[in-house]
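Chain by chain, the residues run as shown.
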Amino acid sequence: MTPRLDAFGLVVADMARSLAFYRKLGLEIPAGADTEPHAEFTLPGGVRLMWDTHEMVRSIEPDFSPPAGSQMSLAFRCADPAEVDSVYAEMTAAGHEGRLKPWDAPWGQRYAVLLDPDGNGVDLYAPLAPAAG
């Protein structure tokens with residue numbers, strides 16, 4: 001058997017706050033997960049996105065201390081450039097931190113970057129022009 005990527009994990013300081021952020025981006029995470037030390041959501045295609053609280057990680061790794069700065073980023077594809085702008089505006093208006101305001105990237109995408117409650121980059125993007133063909 002060859003190992004296959006099955007899940008991405010985020011370690012979070014506040015489960016409810018983190019899950020609220022990702023729900024606002026469209027993930028349908030059950031409300032009961034807010035008080036759990038571990039939560040997961042299966043993405044289309046079967047890969048899971050998982051969250052563990054600092055306390056949960058310390059229960060299996062007692063010397064754990066949260067790293068400084070972002071350790072990874074997630075990217076959300078939007079329907080079109082206007083959706084990048086509107087999602088960024090909605091998220092920052094709700095009090096979430098924006099790292100890069102929407103802009104037209106030289107690689108042909110409308111692009112913006114938010115920070116989740118734990119400082120991880122969350123990219124929003126959409127092609128500037130419809131794909132040919």
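That block above? That's the structure.
Computed from a predicted structure; not experimentally measured. (Residues numbered from 1 in each chain as written. Predicted model: local features only at pLDDT ≥ 70, side-chain atom pairs only at ≥ 80, totals over all residues. Heavy atoms only, no water.)

Structural notes on the sheet that holds strand 7 (residues 121-127)
Then step 1. Pairing in this open sheet of four strands is mixed, and the strands run 4-7-6-5 from one edge to the other. One side of each edge strand has no neighbouring strand; the edge strands of this open sheet are strand 4 (73-77) and strand 5 (98-105). Taking the axes of each pair of neighbouring strands and ignoring which way they run, one obtains an average angle of 15° across the sheet.
Then step 2. Here seven bridges tie strand 6 (residues 109-115) to strand 7, and the two strands are oriented antiparallel to one another. Along strand 7, the bridge assignment pairs Ala 112 with Leu 124.
Then step 3. The strands touched by helix 3 (residues 81-93) within the sheet are strand 5, strand 6 and strand 7, with strand 6 carrying the most contacts at an inclination of about 15°. (Pairing = 2+ DSSP bridges. Helix = DSSP H or I, 4+ residues; strand = E, 2+ residues; numbered from the N terminus. Axes fitted to C-alpha atoms, helices over the stretch in contact; angles between N-to-C directions. Contact = heavy atoms within 4.5 Å.)

What about the pairing of strand 5?
The side chains of a regular strand alternate between the sheet's two faces.
Then step 1. Two elements, strand 5 and strand 6, share five bridges in a ladder whose sense is antiparallel. For Asp 104, the partnering residue across the bridge sits in strand 6 and is Arg 110.
Then step 2. Remark: three residues form the turn of the hairpin made by strand 5 and strand 6, two consecutive strands paired antiparallel; Gly 108 in that turn has positive phi of roughly 90°.

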